[in-house]
Amino acid sequence: MNEHSPETELEAFFGPRPAEPQPLQRLGIVVSGSLSKGLDVKLDQGTVIEGLAVGRYVVVRGQTGRRFFSMVTDVQLDALNPLIEKAPPDTSDPFLARVYQGTAVFGRIHITPMLVLDPLPSSPPMGASPPSSPPMGGKEGGREPKPVKTIPAHFTSVYPASEEEVALIFGQETEPGHFYVGDPLEMEGVHVALDLRRFVERSAGVFGKTGTGKTFLTRTLLAGLTREEVAVNLVFDMHNEYGWKSQDEAGQELKGLRQLFSTGQVSVFTLDEESSRRRGSKVDGVVRIGHDQIEPEDVDSLSSLMALSDVQVGALYFLRRRLGQRWVARLLDEDDPLEELESALERGTIHGGTLGAIQRKLGMFRRFDFLQRRVPEDPVRQILDYLDRGVNVILEFGRYGSSLEAYLLVANYITRRIHAHYVKRKEEALGERGKEPRPLVITIEEAHKFLDPAVARHTIFGTIARELRKYNVTLLIVDQRPSGIDSEVMSQIGTRITCLLDDEADIRAVFSGISGAGALREVLARLDTRQQALIMGHAVPMPVVVHTRTYGTPKFYAAMGVREAESPEAVLARGRAVLRGEGNGEGF
Ligand SMILES: Nc1ncnc2c1ncn2[C@@H]1O[C@H](COP(=O)(O)OP(=O)(O)OP(=O)(O)O)[C@@H](O)[C@H]1O
Ligand SMILES: [Mg+2]
């Protein structure tokens, strides 16, 4: 630039212009493709192919100013002349290697366009160099990203997505109801915010093999739902990982939700007071269920686990009618002669073998100390009181977490009653005789046990998943075997967050009912073994792969509003710094 240019004169007058953001480096150009199969992109000479992992988020800047938001779904090598494969050149000379790279041989990526954003009226004309950061406007400007219905022309340029573009698609984490859940691949520091309001509108699932980070991710999501007060949560905490402290695989201690939030926000209930006390967990209530509170439907939900036949299940209802409210207590009492039943047995209404089998199978309940002959309080009433006040409830299972029967029994027992209460409240609200109940999210682990095809049709969790949010109740299911979940229920799971899965049937299950799933399979199969997840469905405008937000760092706790207690040494050091005149004394 010439010394006397108007620019320099202006700078002399007004001071230097603020530095322009660095233009994004072009990755390559579109060379072929179709709407149904996605686009092939020839990489530019300077683009390092190894830096382009599947799952990465790129943007094709169309010639009319349209932007096609896309995901890398395959990476390939290609050559101008196929013979080069037979006689590869000597590339020990770096100069020669450079000459070949990008001309005779080059990289290609396959990308799948997911969304398109129409240009702003002031977009640069065709052929202009790309803006360093795209004009903002997006949702604020009334322009929603739309589904892709066309493709960009030949030789259109492809760029990595910028931070602004990620925010444009997913929303800013500072917007109410949005929560930062992770960073897109190769874009560390750029925050993908999940729209939690949409997240709770339908049931959601967190899937992945064991050890991939499902529990950590679920805890992060629950922290978000609590902080943003989008819904109230009821968590059936099988392994005591959500309420009070737990450990990661390296043995480092982590705070649970009860430690991150105040008593008025999160409460912990337990089925096993002793275990909670041993772990130092602060408990707000102990759940005990009376024998006379159990209904045949509660036992029915365990039918496949207890191997109850249809005849035996039918007999449960019969026994309840004949024996009254104390039916379970009487069946469990070995000294009770059950005379009333004898006549029924004689008349052949119920088979002697059936009764014996039921008594034997129910015998397992004797091991559950939380089941007692009579209990003074109603645990469901207590939990509902908390939920109605907007306090999240985490139910720790203590030692009973290792018994799937106990987990299923209690989760079904409580959920059935809470759901009934919600249905009543919602109907009252519709009839304008009451207030809408707060949206409730129920979290269950090992979800396929609740939702396998044999039980999902007639148990409460299947019902909740199917009726969507009609009664303001949705599920957050955590599972490592999604293929075990009834396909009809799976198709109702709105948002699916999937960590690594390698079983073919599980992969098929999480993609059921998702359009364009073919291309995403490669992405899912190549996630890292932990802390990476593919998020797709109702809560995100387009599928996205993220490195999930790290749970358990002081930074995370601070973002949740926890003020770390400083060690005495740190306080002393800060004091000395102030005395030396180095600090501002803040906090003293
Ligand atoms: N978001 C995260 N922040 C910090 N550490 C994480 C995160 N995700 C995963 N990890 C690490 O991975 C380990 C396994 O995660 P997690 O316990 O959540 O797995 P999981 O999928 O729930 O396994 P399982 O099916 O056996 O319950 C954790 O102990 C932790 O060390
Ligand atoms: Mg887990």
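Structure first, text after, so check above.
Along every chain, residues carry numbers that run from 1 in the direction the sequence is written. In the order they appear in the text, chains get letters beginning with A and ligands get numbers beginning with 1. Restriction of local features to residues with pLDDT of at least 70 applies here, the model being predicted, together with a cutoff of 80 or more for giving and counting side-chain atom pairs; totals for whole chains, interfaces and linings are based on all residues. Working from all heavy atoms in the structure, the side-chain values ignore hydrogens and water.

Caption draft 1: View of the nonpolar core. To form a nonpolar core, buried Ala, Val, Leu, Ile, Met, Phe, Trp, Tyr and Cys residues must be joined to one another through side-chain atoms within 4.5 Å. A 1.4 Å probe rolled over the protein chains alone gives each residue an accessible area, and that area as a share of the maximum for its type sets the label: buried under 20%, exposed over 50%, partly exposed in between. Of all hydrophobic cores here, the largest spans 142 residues; its most connected members are Phe199, Phe236, Phe365, Ile414 and Ile418. Secondary structure elements are taken from DSSP: a helix is a run of H or I of four residues or more, a strand is a run of E of two residues or more, and numbering for both begins at the N terminus. The dominant element in this core, judged by the number of residues it contributes, is helix H14 (residues 404-430), at 11 residues. The next biggest cluster of nonpolar side chains, apart from the first, holds 15 residues, and it includes Leu43, Phe68, Ile111 and Val148.

Caption draft 2: Just the packing of aromatic side chains, in detail. Classification of ring pairs uses Phe, Tyr and Trp, with its six-membered ring standing for Trp, and accepts pairs whose centres are within 6.5 Å; under 30 degrees between planes counts as stacked, over 60 as edge-to-face, and the remaining range as tilted. Taken as a whole and assessed by the stated rule, the structure comprises 14 aromatic pairs. Between Tyr57 and Phe170, the ring centres sit 6.2 Å apart and the planes meet at 70 degrees, which makes this aromatic pair edge-to-face. Pair noted here: Tyr57 is in strand E3 (residues 57-61) and Phe170 is in helix H3 (residues 163-170), with a separation of 113 residues, a long-range link. In terms of burial, Tyr57 and Phe170 fall into one category: buried. Consider the rings of Phe269 and Tyr386, whose centres lie 5.2 Å apart with planes at 90 degrees: the pair is edge-to-face. Residue Phe269 is found in strand E14 (residues 266-270), and its partner Tyr386 is found in helix H13 (residues 379-388); the two are separated by 117 residues along the sequence. Under the relative-accessibility criterion, Phe269 is labelled buried at 0%. Taking relative accessible area as the criterion, Tyr386 reaches 18% and is therefore assigned buried. Pairwise contacts between aromatic rings join Phe216, Tyr551, Phe556 and Tyr557 into one cluster. Here, a charge over a ring means that NZ of Lys or CZ of Arg falls within 6 Å of the ring centre while also lying within 35 degrees of the ring normal. Looking at Arg219, its charged tip hangs above the ring of Tyr551, at a distance of 4.6 Å from the centre.

Caption draft 3: Fine view of unusual backbone geometry. Although it is not a glycine, Glu186 adopts a positive phi angle of roughly 60 degrees. Position of Glu186 among the secondary structure elements: in the loop between strand E8 (178-184) and strand E9 (192-195). Not every positive phi belongs to a glycine, and Asn472 is a case in point at roughly 65 degrees. Relative to the helices and strands, Asn472 resides in the loop between helix H17 (460-466) and strand E20 (473-479).

Caption draft 4: Representation of the sheet that holds E9. DSSP-based pairing: two strands are paired if at least 2 bridges between them are found. Strands sit in the order E9-E8-E23-E22-E21-E10-E20-E19-E11-E18-E14-E15 across an open sheet of 12 strands; the sheet is mixed. Pairing within the sheet leaves two strands with one partner each, and these edge strands are E9 and strand E15 (285-286). Bridging between strand E10 (residues 204-207) and strand E21 (residues 495-498) involves four bridges; their strand directions are parallel. Opposite Phe207, over in E21, you have Thr498 as the bridge partner. Sitting on the sheet, H3 touches E8, E9 and strand E23 (544-548), and the angle it makes with E9 is about 5 degrees. Here a residue-residue contact requires only that any non-hydrogen atoms of the pair lie within 4.5 Å. Lines fitted to the C-alpha atoms define the axes, with helices restricted to the stretch that makes contact. Angles between their N-to-C directions range from 0 to 180 degrees. The sheet strands contacting helix H5 (residues 214-228) are E8, E9, E10, strand E11 (232-237), E14, strand E18 (392-396), strand E19 (440-445), E20, E21, strand E22 (532-537) and E23, and the helix crosses E8 at an angle near 145 degrees.

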